[in-house]
Amino acid sequence: MSTAQLVVQHLPYLRRYARALTGSQMAGDAYVAATLETLVSDPDTIAADGNVKVELFQVFTRIWNSLSVNGRSELTQRDLPAEVRLGQITPLPRQAFLLSCLEGFGEDEVGKILAVDTDKVRELVDEAGRELAADMATDILIIEDEPLIAMDLEALVEGLGHNVTGVARTRTEAVKLASNKRPGLILADIQLADGSSGLDAVNDLLKAFEVPVIFITAYPERFLTGERPEPAFLIAKPFQPANVSAVISQALFFQQSARRREVRASA
């Protein structure tokens, strides 16, 4: 298999990471596009006999941390949402946290991607976890039709300090629960018990109020095809607790950042 084919296999996961880092599909995809442009102009950047996924994320990281690329075009900058400007000053701890907890890289691999040693990786991940957990407790609605998975999610989010307002198995139940108590975040499965869609349930809720949404699916690649619209926050089944924690932290982080900007703008 050629290097190009190997890169294509890893693109959905690079896009997921880029979106989590920026909080936006558009902004994340812009950085991934810049990464691909680099690889096209210099194919030898990634060695076919190396760890293609690690090297791909290395290239992305160099671009992410490059001020010259971040500000390369006034038009591009104007077309991207405000989250990308926040993303430009994203500290190294959040990158280490996402690479480890969201993308599942080992400490050695994270170290290679970020050009730091493993002791530094542990320090960065711990620091990010403390920062992202502070002052982010909220009410969470779970939309999940499998009882055991719903129980696992409920125990997990409550262990993170959040409150579960309810567990819905269908689109109708989700709308009813949200109308009784508006959640601060939604965790939604894609396929629900009665054949309805978690995507449709979420669209119903978003007509009434804005809330960060994290989708859970056994087939994340189906929702990372490049077609619009796509979920900004996505968790793959079977999920790891650290993965869920990382994505929840990111979703709430960007929500709080947006609210702070709104307050400043109205002051």
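As recorded in an unreviewed UniProt entry, the protein chain goes by the name Response regulator, listed as coming from Microvirga brassicacearum.

Q: Account for the overall build of the protein chain, with residues named and values stated.
A: When its secondary structure is counted, the protein chain shows 13 helices and five strands. With 267 residues in all, the protein chain has 50% of them scored as buried. Partitioning the intrachain contacts of the protein chain with sequence separation of at least 6 by distance along the chain shows that 69% fall at a separation of at least 24. Here the protein chain displays about 12,900 Å² of accessible surface, and carbon together with sulfur accounts for 52% of that area.

Q: Account for the packing of aromatic side chains, naming residues and giving values.
A: A complete count under the given rule lists six aromatic pairs for this structure. Look at Tyr31 and Phe60: their rings are 6.4 Å apart centre to centre, the planes differ by 70°, and that puts the pair in the edge-to-face class. Separated by 29 residues along the polypeptide, Tyr31 in helix H2 (residues 25-41) and Phe60 in helix H3 (residues 52-64) bring together distant segments of the chain. Both residues of the pair, Tyr31 and Phe60, belong to the buried class. Consider the rings of Phe60 and Trp64, whose centres lie 6.2 Å apart with planes at 15°: the pair is stacked.

Q: A description of the sheet that holds strand E5 (residues 234-236) should follow, citing residues and the corresponding values.
A: Taking strand neighbours across the sheet as the criterion, the five strands line up as E2-E1-E3-E4-E5 in an open arrangement whose pairing is parallel. The sheet terminates laterally at strand E2 (163-168) and E5, the two strands that pair on one side only. Each neighbouring strand pair of the sheet contributes to a mean axis angle of 20°, computed without reference to strand direction. Examined bridge by bridge, strand E4 (residues 213-217) and E5 share three bridges and lie parallel to one another. For Ile216, the partnering residue across the bridge sits in E5 and is Ile235.

Q: Could you give an account of helix H8 (residues 107-114), with specific residues and numbers?
A: Every buried residue belonging to H8 is among Val110, Gly111, Ile113 and Leu114, and all of these are buried. All buried residues of H8 lie within an arc of 165° about the axis, which places them on one face of the element. Summarising the geometry of H8, the exposed residues directed more than 90 degrees from the buried face are Asp108 and Lys112.

Q: Which residues make up the UniProt feature "modified residue: 4-aspartylphosphate" (unreviewed entry) in the protein chain, and what are the values?
A: In the numbering used here, UniProt assigns the "modified residue: 4-aspartylphosphate" (unreviewed entry) feature to Asp189. You can see Asp189 is positioned in strand E3 (residues 185-189). The class of Asp189 is buried, set by a relative accessible area of 5%. The contact partners of Asp189, leaving out residues within four places of it in the chain, are Ile143, Glu144, Asp145, Gly198, Ile216 and Lys237.

Q: Report on the packing of helix H7 (residues 92-102) against H8, specifying residues and quantitative values.
A: At a minimum axis separation of 10 Å, H7 and H8 run at an interaxial angle of 140°. By the angle between their directions, the pair H7 and H8 is classed as oblique. Judged by the twist between their axes, the crossing of H7 over H8 is right-handed. Two secondary-structure elements touch here, H7 through Leu92, Gln95, Ala96, Leu99 and Ser100 and H8 through Val110, Ile113 and Leu114.

Criteria and cut-off values
Residues numbered from 1 in each chain as written. Predicted model: local features only at pLDDT ≥ 70, side-chain atom pairs only at ≥ 80, totals over all residues. Heavy atoms only, no water. Helix = DSSP H or I, 4+ residues; strand = E, 2+ residues; numbered from the N terminus. Buried < 20%, exposed > 50% of the residue type's maximum accessible area, 1.4 Å probe, protein only. Contact = heavy atoms within 4.5 Å. Areas by Shrake-Rupley, 256 points an atom, 1.4 Å probe, with all protein chains shown as cover. Phe/Tyr/Trp six-rings, centres within 6.5 Å; stacked < 30°, edge-to-face > 60°. Pairing = 2+ DSSP bridges. Axes fitted to C-alpha atoms, helices over the stretch in contact; angles between N-to-C directions. Arc of directions from axis to C-beta. UniProt positions renumbered as here; feature names shortened; annotations may be inferred. Parallel < 35°, antiparallel > 145°, perpendicular 65-115°, else oblique. Left-handed = near helix turned anticlockwise from the far one by under 90°.

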